[in-house]
Amino acid sequence: MMNIPCNCAKTKRAPRERKRVWNQAKGRDLSGYGGEPGYPGEIVNETTTANYAMIDWSNAKEAVLSPLHNLLAPPGLPCLTCGKTISDKVTGYPEICSSCYASIPWITSVRCDICGRPVGCPDCSRAGKEDRRFVLNRSVVSYNGMMREWLAQYKFRGNEALGSVLARMTGAAAKRLAKELGERTGTGRFYFDAVTYVPVSTDRMMERGFNQARNLALEAANVLGAPLMELLIRSKHTEKQSFKSRWQRLRDLNGVFLPATDVEGLLYAVLSRRTSRGRGKFPLSIFASDKNEFGNAYSYAPIKLLLIDDVYTTGSTVDTCAAILHETCALLGRPAEIYSLTWARS
Ligand SMILES: [Zn+2]
Ligand SMILES: [Zn+2]
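Residues numbered from 1 in each chain as written. Chains lettered and ligands numbered in written order. Predicted model: local features only at pLDDT ≥ 70, side-chain atom pairs only at ≥ 80, totals over all residues. Heavy atoms only, no water.

You'll find the chain entered in an unreviewed UniProt entry as Amidophosphoribosyltransferase, with Paenibacillus vini given as the organism. Looking at the chain in UniProt, the text filed under Sequence similarities (unreviewed entry) is "Belongs to the ComF/GntX family." (UniProt positions renumbered as here; feature names shortened; annotations may be inferred.)

This is the structure in structure tokens:
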């Protein structure tokens, strides 16, 4: 067998020899011996060290690593609403930047117990308002220009990611509302039998593909652990609410909302669910005397429903829906308590 010398033998020169060859190839002055560290006349390392010493390492590192780091690091996500890169994440709302979050006009203290306004409220004390059919309304934010834009982005431009933010805001507010009502019952507990929402017309549904109020209600129902039920339908397409006067709106709403066709079955389901949980014995009404909001004694525990909508303006939509829900529950021989929660208070 022929003994073939390994090629790698060439490369396996002694380290000292290899360095000398390398320096020769670079044309360096090797006047002394070997050009190795520790030997007199060694200038290679002096030159090398000197060259290296001339480099500003702090800047070099920055210059080399920064573009590399930018290339490899996952990019900071842009804020959903202002588009700026998010540097500080907000707990629960990672899609929006901290400055946008800080600009949200949260309603933290309620001045009007009925409609949930954060400011003095002439509307609810107006004559004829006593016969409203809902117990109270709470809203998450004041409907300012920024919130109007957020809602438009979701509702009219289909920004679903922003819709998810609004839904989470509503869910958190539903939890706060249940807590507030629990404190009023004196038991610390309050249950909604079901969560429902203000419906949109079929035309609007075809146009948008979703009902924003339903999506907000879905999150509220999830948070509360209550069933989400479509108890109402909208019988005809109405003009956009915001372009109408208060009276025109009130007139138009009559006959717009109807009970859903299977509402009876849904409400029976609510009642059987309640019995199975033993809640029938405990009305847990916020009305401590066990009388309803109109002073009549309850013969049965009222069906407590939470109605969700995107914006509360005059309260006429909530009131009309509440009236229909009252009538529907009355058909089953049950009183109702309708609570309202909207994302914004106009
Ligand atoms: Zn932002
Ligand atoms: Zn009010």
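Past the structure itself, the notes keep going.
Novice: So what exactly am I meant to see when it comes to the confidence of the model for the chain here?
Specialist: For residues with low pLDDT, the predicted coordinates do not support detailed interpretation. In this model, the chain carries a mean pLDDT of 78, and residues with pLDDT of at least 70 account for 64%. Between residues 5-11, whose pLDDT stays under 50, and residues either more than four places distant or in other chains, the model counts 1 contact. Every residue in residues 278-283 is under pLDDT 50, and counting partners more than four places away or in other chains gives 10 contacts. (pLDDT = per-residue confidence, 0-100. Contact = heavy atoms within 4.5 Å.)

Novice: Just checking my understanding: could you explain the environment of alanine 102 for this structure?
Specialist: Take alanine 102: it is sitting in helix α5 (residues 98-102). Spatially, the C-alpha atom of alanine 102 lies 9.7 Å from that of valine 90, the residues being 12 residues apart in sequence. (Helix = DSSP H or I, 4+ residues; strand = E, 2+ residues; numbered from the N terminus.)

Novice: Help me out: how do you make sense of the side chain of threonine 170 in this one?
Specialist: The topology assignment puts threonine 170 in helix α7 (residues 160-185). Setting aside anything within four residues of it in sequence, one finds threonine 170 in contact with Val140, Leu216, Ile308, Leu341 and Trp343.

Novice: In this structure, what is going on with the coordination of the zinc ion (ligand 1)? I would like to understand it.
Specialist: Six octahedral donors around a metal ideally sit at 90 or 180 degrees from one another, while four tetrahedral donors ideally sit at 109.5 degrees. Around the zinc ion (ligand 1), the protein contributes the donor atoms Cys79 (SG), Cys82 (SG), Cys97 (SG) and Cys100 (SG), at 2.3 Å from the metal centre. Metal-centred angles of 106 to 115° between the 4 donor atoms at the zinc ion (ligand 1) mark the site as tetrahedral. Each donor residue of the zinc ion (ligand 1) belongs to the same chain, with the gaps between them written as C-x2-C-x14-C-x2-C. Note that cysteine 79 is positioned in the loop between α4 (57-72) and β1 (89-90) and cysteine 97 in strand β2 (residues 93-97), a separation of 18 residues in sequence. The buried category is assigned to cysteine 79, whose relative accessible area is 4%. (Donors = N, O, S within 2.8 Å, 3.2 Å for Na, K, Ca; no water. Tetrahedral: all angles 85-135°; square planar, octahedral: opposite > 155°, others 65-115°. Buried < 20%, exposed > 50% of the residue type's maximum accessible area, 1.4 Å probe, protein only.)

Novice: Sorry if this is basic, but what is going on with the nonpolar core here?
Specialist: The nonpolar side chains of a soluble globular protein tend to be buried with one another. Counting residues in each nonpolar core, the largest one holds 44 residues, and the members touching the most others are Trp150, Met169, Leu306, Ile308 and Trp343. When contributions to this core are tallied by element, the ones reaching two or more residues are β2, β3 (136-142), α6 (145-155), α7, β4 (194-197), α9 (212-224), β7 (303-312) and β8 (336-345). Among the elements that make up this core, the one with the highest residue count is α7 (10 residues). No fewer than three residues from each of domain 1 (77-106) and domain 2 (108-345) sit in this core. Core analysis: the next-biggest nonpolar cluster, separate from the first, contains 30 residues, Cys121, Leu266, Val270 and Leu332 among them. (Core = buried A, V, L, I, M, F, W, Y, C linked by side-chain atoms within 4.5 Å. Domains from an automatic or database assignment.)

Novice: What am I meant to see in the sheet that holds β7 here?
Specialist: Adjacent strands of a sheet pair through backbone hydrogen bonds, lying either parallel or antiparallel. Pairing within the open sheet is parallel, and its 4 strands lie in the order β3-β8-β7-β4. Pairing within the sheet leaves two strands with one partner each, and these edge strands are β3 and β4. When strand polarity is set aside, the average angle formed by the axes of neighbouring strands in this sheet is 20°. Strand direction decides the pairing type here: β3 and β8, joined by 6 bridges, are parallel. By the bridge assignment for β8, asparagine 137 is matched with serine 340. Across the sheet, α9 lies against β4, β7 and β8, angled at about 135° from β7, the strand it touches most. (Pairing = 2+ DSSP bridges. Axes fitted to C-alpha atoms, helices over the stretch in contact; angles between N-to-C directions.)

Novice: For this particular structure, what's the right way to read the pattern of salt bridges?
Specialist: Side chains carrying opposite charge are able to pair once their charged atoms draw close together. In this structure the tally under the stated criterion is 9 salt bridges. A salt bridge links arginine 204 to glutamate 207; its shortest N-O distance comes to 3.7 Å. With arginine 204 and glutamate 207 both in helix α8 (residues 202-208), this residue pair falls 3 residues apart, about one helical turn. Look at arginine 204 and you get buried, because its relative accessible area is 12%. Classification of glutamate 207 as exposed rests on a relative accessible area of 54%. Via salt bridges that share partners, Asp113, Arg138, Glu180 and Arg184 belong to a single interconnected network. (Salt bridge = Lys/Arg side-chain N within 4 Å of Asp/Glu carboxyl O.)

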